[in-house]
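Here's the letter readout for the chains.
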Amino acid sequence: VTIVHMMRQVLTHPLDFFYDIQKPNYLKWSQGFLLILLAFLARMGSLLLVGYHFETREAYEISFIFEFIWIFIPWITWCVANWSVSTISDGEGKFKEILVGSAFCLTPYILFIIPITLVTNIIALSEAEIYTFSTTFVFAWVGLLILIKVKVLHDFELGKLTLIVFLTILAVGIIWFIGILLYGLLSQFISFFFDIYKELRFRL
Amino acid sequence: VEILKKLLPKWICTLLTLLLVFMLPMETMATSPNQGYIWDKNGRDVHSINGYVYETSIDGAYLTTGPFSSPEDIFIASDDSIYVVDTGNNRVVHLNTDLEVVKVIGDKEGPGVLNGPKGVYVKDDGTVYVADTKNQRIAIYDNTGKFSKELLAPDSPLLGSNFTYSPSKIVVDKRNYLYVVSEGNIKGLMQIDSKGDFKGFFGSNDVEFSLKRFLTRLIATEEQKAKLESVVPLAFSNLTLDKDGFIYTTTLGTDVNQLKRLSPVGVDTLNQGEKKYGDLIDYSETFQTSSFIDITVSEDGLITALDLTNSRIYQYDKLGNLLFVFGGNGDQNGVFLTPSSVDQNSEGIMFVVDKGRNRVDLFRTTPFADLVHEASTLYVEGRYEEAKKIWEEIINLNANFDIAYHAIGKALYKSEKYSEAMEYFKLANSKGDYSDAFRQYRIEYVRENFIWFFSGTILLFFLIRFGIPALIKQITRKRKKNKQEMVANREEEVS
């Protein structure tokens, strides 16, 4: 089963798709990373192709590293958080299924963001609703796919689904908080030793 | 080594002669101590050509009246004569256009004697209104300088019980209504009629609702509330009146909308939303913010305001676009110790009172500024076509002048050259105008290539009407065929 076929399946029959991926050896790790890479390329493409009057940032304000981080880190943290939260509350999903499945949720974005962005080259700011509406639609689609993914993979009912999603968002927040905290402490720690080294070098 | 020893004295000699040459007094040119700059579309301060250069000074020591003492205000009357409020000497000195003393007001014994005056306004007929700050009154003199009457502190329940009257700046409108800035008064400009009755506050700076403040108040205990900074409206620091009866004000203690143009009903017509005046750098809270203390408006609506924080003078066009910055802190000519007031005469010469040095500095416009002023006046009046040529010249002289690109774009838009207008709006980083030009360009483009669009649409229609159904039919037929084959295969296998 090719990745193109799977992308078509996730768009047209998302429920079936998320049932299918639970079959053993159906998914490959590489597919997840490939899709994230595609999402990143779509993001860069949309930044590049947007009409001048729709630009919100100057070219020098855009860094492709940051753009990648802003797709990659939320994806990874979401998967880790979702897996941790759902595993302790009787979710059935495996980490591989969650990781690759979430990447497949980005399919609408990968496929449609560039055509939508191209539209900004032929519409004026007074018709910006077309653009904003279609981008919101794409994001809503992605959001819905993520919800379906959580529901089907872990076999939750609606009440538990909302609870798990809420807990996952909370967990993502905690992971980021701890990450930033660790970064701050670590850099202080390192700079402390660096200062000691400098001090010693001055004295000796 | 010996050669070096021989050469060394020679080197020293040449160095010494060079030094001497540079130490000789050279002929001075009309250079400004500061390089001109302007804030560009990306919020960076970029080089620009100076708009004003130092010309000369009025130093009281060379006048028959003797040196000034911390002058606080200057007023150029409609006949271009100059009134300097010599606060430390408790008088107002009236000079003519040749910078000679005409008369001195308020120094004679009697009811007209001034005490620490801080502001003056002169009507077209020569009547002089002085804000006699320490006497807490407005003193009025006729055109010969004779004291005619005084307006004492107004009495009104609107003023509140702990109101202290400390008039510092005034203007008088056509109805003979006085608009008074009373120091420390946060309720707005005081409107006083010609009889001295209080008529109400005008154009107050309202405190806007802030969610953060609201939440803090909600949570804080009584003790904490007492410690919180009390939020009060901001006080006006100065005002001026233009020929159309609009009052321009300066406000202290804020980063945005420090300058305002109040319509006769007291509504700010200069700023839509929040606009920053002065230098745009975001200082952290411990740093100083700009503090505009005086403002003057030309016949054509150019706004010039004085910022005490960095002693610089900023000039804006009628729409609030920055044109020039000049002045600064220092001891040279062209910069100030402590500037206190600014005004201009009908020829566009800028008079800046330097309280710290007890003199008035005169600045004249550069040819570049003359061009910009002319273009800006035409532009504001909507005569884009005439302005366009001048703006193009301005860009040739100074490519950093972003408003020129915008103005040329407007002119091109008016003359229906939309694709060129788009280019210029792009250079001016004006996305809204770019979008408008683009919209027009799109209409034009479709109209010009109508045949292609028309035939394309027809083609598309036929494609959708007949092509796609045919395609679908073909695919379904193929699938059926495949299925039949598969079924046949299976049957074979089974059998």
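Residues numbered from 1 in each chain as written. Chains lettered and ligands numbered in written order. Predicted model: local features only at pLDDT ≥ 70, side-chain atom pairs only at ≥ 80, totals over all residues. Heavy atoms only, no water.

Q: So what about the sheet that holds strand β20 (residues 303-307) of chain B? Which residues, and what values?
A: Residue and element names in this part refer to chain B. Pairing is antiparallel across the open sheet formed by 4 strands, whose spatial order is β19-β20-β21-β22. Edge positions in the sheet fall to β19 (292-297) and β22 (322-327), since each has one partner strand and no second. Neighbour-to-neighbour, the strand axes of the sheet open up by a mean angle of 20°, direction not taken into account. Of the strand pairs in this sheet, strand β21 (residues 312-316) and β22 are connected by 5 bridges, and their pairing is antiparallel. (Pairing = 2+ DSSP bridges. Helix = DSSP H or I, 4+ residues; strand = E, 2+ residues; numbered from the N terminus. Axes fitted to C-alpha atoms, helices over the stretch in contact; angles between N-to-C directions.)

Q: For the interface of chain B and chain A, give the residues involved together with the corresponding values.
A: Tallying the contact residues gives 12 residues for chain B and 12 residues for chain A. For the pair chain B and chain A, the summed buried area comes to about 1100 Å², and 51% of that belongs to carbon and sulfur atoms. Among the residues chain B hides against chain A, the three largest losses belong to Lys431(B), Ser435(B) and Phe438(B). Together they make up 43% of the total. For the pair chain B and chain A, the number of links is 2 salt bridges. (Contact = heavy atoms within 4.5 Å. Buried area = accessible area lost by both parts, 1.4 Å probe. Salt bridge = Lys/Arg side-chain N within 4 Å of Asp/Glu carboxyl O.)

Q: An account of a nonpolar patch on the surface is requested, with residue identities and associated values reported.
A: All names here are of chain A. A cluster of nonpolar side chains, Phe 64, Ile 65, Phe 66, Ile 69, Trp 70, Ile 73, Val 80, Ile 175, Trp 176 and Ile 180, forms an exposed patch at the surface whose accessible area comes to about 990 Å². Elements that contribute at least two residues to the nonpolar patch include exactly α4 (64-88) and α8 (158-203). If you tally residues by element for the nonpolar patch, the top one is α4, at 7 residues. Tracing the backbone through its elements, the reader meets Phe 64 in helix α4. (Patch = residues over 30% accessible without salt bridge, like charges linked within 9 Å, V, L, I, M, F, W, Y side chains within 5 Å. Areas by Shrake-Rupley, 256 points an atom, 1.4 Å probe, with all protein chains shown as cover.)

Q: Which residues make up the packing of helix α3 (residues 29-49) of chain A against α4(A), and what values go with them?
A: Residues and elements named next belong to chain A. Close contact between α3 and α4 brings their axes to 10 Å; oriented N to C, the two are set at 140°. One element, α3, and the other, α4, form an angle in the oblique class. When you trace α3 past α4, the crossing you get is right-handed. Counting all contacts with α3, which are made through Gly 32, Phe 33, Ile 36, Ala 39, Phe 40, Arg 43, Met 44 and Leu 47, the residues of α4 involved are Phe 64, Glu 67, Phe 68, Ile 71, Phe 72 and Trp 75. In the contact of α3 with α4, the residues fall into 11 nonpolar, 1 polar and 2 charged. (Parallel < 35°, antiparallel > 145°, perpendicular 65-115°, else oblique. Left-handed = near helix turned anticlockwise from the far one by under 90°. Nonpolar A, V, L, I, M, F, W, Y, C, P; charged D, E, K, R; others polar.)

Q: Any chance you could break down the sheet that holds strand β14 (residues 189-192) of chain B for me, citing the residues and the numbers?
A: Residue and element names in this part refer to chain B. Read across the sheet, 4 strands follow the order β12-β13-β14-β15 without closing on themselves; strand pairing throughout is antiparallel. What marks the edges here is a single partner per strand, and that holds for β12 (167-172) and β15 (198-202). Taken over all neighbouring pairs, the strand axes of this sheet differ in orientation by 25° on average, direction set aside.

It is worth stressing that arrangement in space is one thing and function is another; only the former is reported here.
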